[in-house]
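# Breakdown of the fold
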Amino acid sequence: MIQLTGSLQMNRIVKINFYIVNTIIMKNKIIFLALLLLSFNLMFAQNSLLSDLPKGYTPKEVGNRLAHRFVVGKHMLHGGKWISYPETFNWNGSLKYAAITKDRELLKLLKDKFEPLFTTEKGLLPPKNHVDLNMFGSLPLELYRITKDKRYLDLGISYADTQWQLPETAKSEEKEWADKGYTWQTRMWIDDMYMITIVQTHAYKVTGDMKYLDRAAKEMVLYLEELQRTNGLFYHAPDVPFYWGRGNGWMAAGMTELLRCLPKNHKDRSRIMQGYQTMMASLKKYQMPNGLWNQLIDEPDCWTETSGSAMFTFAFITGVKQGWLDAKEYAPVARKAWMALVSYINENGDVTEICVGTNKKNDKQYYYNRPRKVGDYHGQAPYLWCTVALLEK
C-alpha cells in the first residue's frame with residue numbers, strides 16, 4: 001500500500017512537471033511567434049514607406065511624365081558634337097521605366113528616337129576616346145537587353161571594350177594606368193565611377209563575361225582608396241577638397257549599380273559594400289530638413305541641388321530594397337527624399353534647381369556660384385532611376 005501510494009505521488013509529480021514544461025514551451029512559442037509577427041509587421045511597415053505613396057508621387061505617375069518629356073526633347077550634345085552622357089543616362093532611365101512598366105508604346109518611341117543614330121545621325125555617335133564618351137555604350141547595350149536586336153550589341157560592346165584597349169596615341173600617364181590593369185581613361189575624378197561602371201556592368205549583363213565586372217570592381221576599389229574621406233564622402237578630385245553634391249551622386253549611383261551585379265563571393269564586393277554603407281551613413285547625417293542635400297553637401301548655407309539629391313535617393317531606395325541598408329533606419333530617409341524631389345518638378349515635367357555641368361576647381365565659391373538650370377538632363381535622368389528603383393520588387 002505504501003509502495004502504491006508512493007507510485008501515485010511520483011506519477012502526479014511527473015504529470016505536474018510535464019504540464020509545467022509544456023506550459024513554458026507553449027509560452028515561449030507564443031512569445032517567439034509574437035516577436036516574429038512584430039518583426040514582420042515592422043519590416044512591412046518600413047517597406048511600405050517606399051510603396052504606399054500619395055497621388056502625384058507614385059513612380060508610375062512621375063516616370064510617365066519624365067519619360068515622355070524625354071521622348072519629345074532635343075538632343076543634348078557633348079561639345080555640340082555628340083550624344084552626351086546626360087542624354088545617354090536620361091535615355092537609359094526612360095528605357096528602364098518603359099521595360100519595368102511594360103509600356104510597349106513608350107518603348108517603341110524610344111527605339112524610334114535611336115534609329116537615326118544608325119543612319120542619318122550616325123555622326124552624333126561619340127568617339128571612343130574619353131571616359132565621358134565611352135559611357136554611351138550603356139545605351140545600345142540596354143536596348144539590346146530589352147529587344148535582343150544584335151545591332152545594339154555590336155555597337156554598344158565596342159564602347160565597353162575600347163575603354164580597356166590602350167590606343168597607339170596614348171600618353172605616358174594613360175599607359176601607366178593600363179599597365180596596372182586599370183582603364184587608360186582613369187583620371188581620378190569621382191564622376192568617373194558612374195561613367196566607367198555603367199558601361200562595364202551593362203556589358204556584363206548582356207554577355208555574362210566576368211571580365212567586365214572585374215574591371216569595374218578593380219577601378220572602384222582604386223577610387224575608394226584614393227578619394228573617399230573618413231566621413232564617407234568624396235572630394236571632387238584629390239586636389240579639390242570639396243564635397244560637391246552631384247559628384248558624390250555619381251559615386252553613390254556607381255557603387256549601387258556595381259553592387260547589384262557583383263556576386264556575393266567576389267573578392268572586391270566587401271570593400272565596395274563598406275565604401276557604400278559608410279557613404280550612406282554620412283549622407284543620412286547631412287540630409288537637410290527639407291529632405292534633400294545641398295550643392296556642397298556639408299555646407300548648410302549652400303543651395304539645395306536636385307540632381308545629386310536624386311542620385312542619393314536612388315542609392316538609398318536600392319539599398320533598402322536589396323537589404324544592404326537597415327529598412328527601419330533608412331527607408332524613412334529614402335521616402336522623405338523622394339517626396340521632396342517630386343516637389344521640384346514643374347508643370348512641364350521639368351526638374352528645377354539642377355547644377356549645370358561642372359568641372360573641378362579648387363575654389364569653394366565656384367561651387368556656390370554654379371548656374372542652375374531647369375529640365376537639364378543631369379537632373380531628369382536620376383529621377384527616372386528612382387522611379388525604376390521604386391517599382392522594382
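Computed from a prediction, not measured in an experiment: that's the story for all the values here.

What counts, and where the lines are drawn
- Residues numbered from 1 in each chain as written.
- Predicted model: local features only at pLDDT ≥ 70, side-chain atom pairs only at ≥ 80, totals over all residues.
- Heavy atoms only, no water.
- Helix = DSSP H or I, 4+ residues; strand = E, 2+ residues; numbered from the N terminus.
- Contact = heavy atoms within 4.5 Å.
- Areas by Shrake-Rupley, 256 points an atom, 1.4 Å probe, with all protein chains shown as cover.
- Core = buried A, V, L, I, M, F, W, Y, C linked by side-chain atoms within 4.5 Å.
- Buried < 20%, exposed > 50% of the residue type's maximum accessible area, 1.4 Å probe, protein only.
- Lys, Arg positive; Asp, Glu negative; His and termini not counted.
- Salt bridge = Lys/Arg side-chain N within 4 Å of Asp/Glu carboxyl O.
- Axes fitted to C-alpha atoms, helices over the stretch in contact; angles between N-to-C directions.
- Left-handed = near helix turned anticlockwise from the far one by under 90°.
- Nonpolar A, V, L, I, M, F, W, Y, C, P; charged D, E, K, R; others polar.
- Expected span 1.5 Å × (residues − 1).
- Polar contact = N/O pair within 3.5 Å; in protein donor to acceptor, adjacent residues only side chain to side chain.
- Phe/Tyr/Trp six-rings, centres within 6.5 Å; stacked < 30°, edge-to-face > 60°.
- Parallel < 35°, antiparallel > 145°, perpendicular 65-115°, else oblique.

Moving on: the overall build of the protein chain. When its secondary structure is counted, the protein chain shows 16 helices and 4 strands. Taking the contacts inside the protein chain whose residues are at least 6 apart along the sequence as the reference set, 73% of them involve residues at least 24 apart. Total accessible area on the protein chain is roughly 18,400 Å²; 55% of this is exposed by carbon and sulfur atoms.

With the exception of glycine, the majority of residues adopt a negative phi angle, and the majority of peptide bonds are in the trans configuration. A positive phi angle, close to 55 degrees, is found at Lys102, a residue other than glycine. Note that Lys102 resides in the loop between α3 (85–100) and α4 (104–114).

What follows covers the nonpolar core. Ranked by internal contacts, the top residues of the largest apolar core, which has 112 residues, are Phe89, Phe136, Met251, Ile272, Met279, Met280 and Phe316. Once residues lying within four places of it in the same chain are set aside, the contact partners of Phe316 are Met280, Leu283, Lys284, Trp293, Leu325, Tyr330, Val333 and Ala334. Grouped together as the second largest cluster of nonpolar side chains are 12 residues, Trp189, Ala237, Phe242 and Cys302 included.

Okay, the side chain of Asp161 next. Turning to its location among the elements, Asp161 is positioned in helix α7 (residues 150–162). Put simply, Asp161 is tucked away with no salt bridge, and the nearest opposite charge, on Arg215, sits 4.0 Å away. When neighbours within four sequence positions are excluded, Asp161 is seen to be in contact with Lys211, Tyr212 and Arg215.

Attention now goes to the packing of helix α2 (residues 59–71) against helix α16 (residues 377–391). Packed helix pairs are specified by the crossing angle of their axes together with the interaxial distance, meaning the distance between the axes. Across the interface, α2 lies against α16 with an axial gap of 9 Å and an inter-helix angle of 145 degrees. Crossing geometry of α2 relative to α16 is assigned as left-handed. The segment α2 lies against α16, with Pro59, Lys60, Val62, Gly63, Leu66, Ala67, Arg69 and Phe70 engaging Tyr377, Gln380, Tyr383, Leu384, Thr387, Leu390 and Leu391. Its residues assigned to classes, the contact of α2 with α16 comprises 10 nonpolar, 3 polar and 2 charged.

Looking now at the pattern of salt bridges. Counted according to the given criterion, the structure contains 18 salt bridges. Between Asp350 and Arg69 there is a salt bridge, and its shortest N-O distance comes to 2.8 Å. Taken together, the residues span a long stretch of sequence, with Asp350 in the loop between α14 (327–342) and β3 (354–355) and Arg69 in helix α2 at a distance of 281 residues. Taking relative accessible area as the criterion, Asp350 reaches 10% and is therefore assigned buried. You can call Arg69 partly exposed: its relative accessible area is 31%.

What follows is about α7. The terminal C-alpha atoms of α7 lie 19 Å apart, and with 13 residues this matches the ideal 18 Å at 1.5 Å per residue to within 8%. Among the residues making up α7, those that are buried are Tyr152, Leu153, Leu155, Gly156, Ile157, Tyr159, Ala160, Asp161 and Thr162. Those residues of α7 that are buried are in contact with α4, α5 (131–134), α6 (138–147), α9 (192–207) and α10 (210–227). A side-chain oxygen of the first residue of α7 lies 3.0 Å from the backbone nitrogen of Arg151; this N-cap is Asp149.

So, about the packing of aromatic side chains. Counted under the stated rule, the structure contains 26 aromatic pairs. Ring centres of Trp91 and Phe114 lie 5.6 Å apart, and the angle between their planes is 65 degrees; this geometry places the pair in the edge-to-face category. Of the two residues, Trp91 is situated in helix α3 and Phe114 in helix α4; the sequence distance between them amounts to 23 residues. Classification of Trp91 by relative accessible area gives buried; the value is 0%. Here Phe114 falls in the buried class, since its relative accessible area comes to 0%. Summarising the aromatic geometry, the rings of Tyr194 and Trp250 are spaced 5.4 Å apart at their centres and angled 35 degrees between planes, so their arrangement reads as tilted.

With respect to the element layout, Gln185 can be found in the loop between α8 (172–179) and α9. In terms of polar contacts, Gln185 uses its side chain to reach the side chain of Asn134, at 2.9 Å. A distance of 3.0 Å separates a polar atom in the side chain of Gln185 from a polar atom in the side chain of Gln163. Not counting residues within four places of it along the chain, the set of residues in contact with Gln185 comprises Lys128, Asn129, His130, Val131, Asn134 and Gln163.

Here we come to the packing of helix α11 (residues 245–261) against helix α12 (residues 269–286). Look at α11 against α12: their axes get within 10 Å of each other, and the N-to-C directions meet at 140 degrees. Between α11 and α12, the crossing angle belongs to the class labelled oblique. For the element pair α11 and α12, the recorded crossing hand is left-handed. Contacts between α11 and α12 involve Asn248, Met251, Ala252, Met255, Thr256, Leu258 and Leu259 from the former and Arg269, Ile272, Met273, Gly275, Tyr276, Met279 and Met280 from the latter. Residues belonging to the contact of α11 with α12 are distributed by class as follows: 10 nonpolar, 3 polar and 1 charged.

Secondary-structure assignment places Val62 in helix α2. For Val62, a relative accessible area of 2% translates into the label buried. Taking C-alpha positions, Val62 is 7.7 Å from Val342, a pair spaced 280 residues apart along the chain. Sequence-distant contacts of Val62, defined by excluding residues within four places in its chain, comprise Gly56, Tyr57, Trp338, Val342, Ile345 and Thr387.

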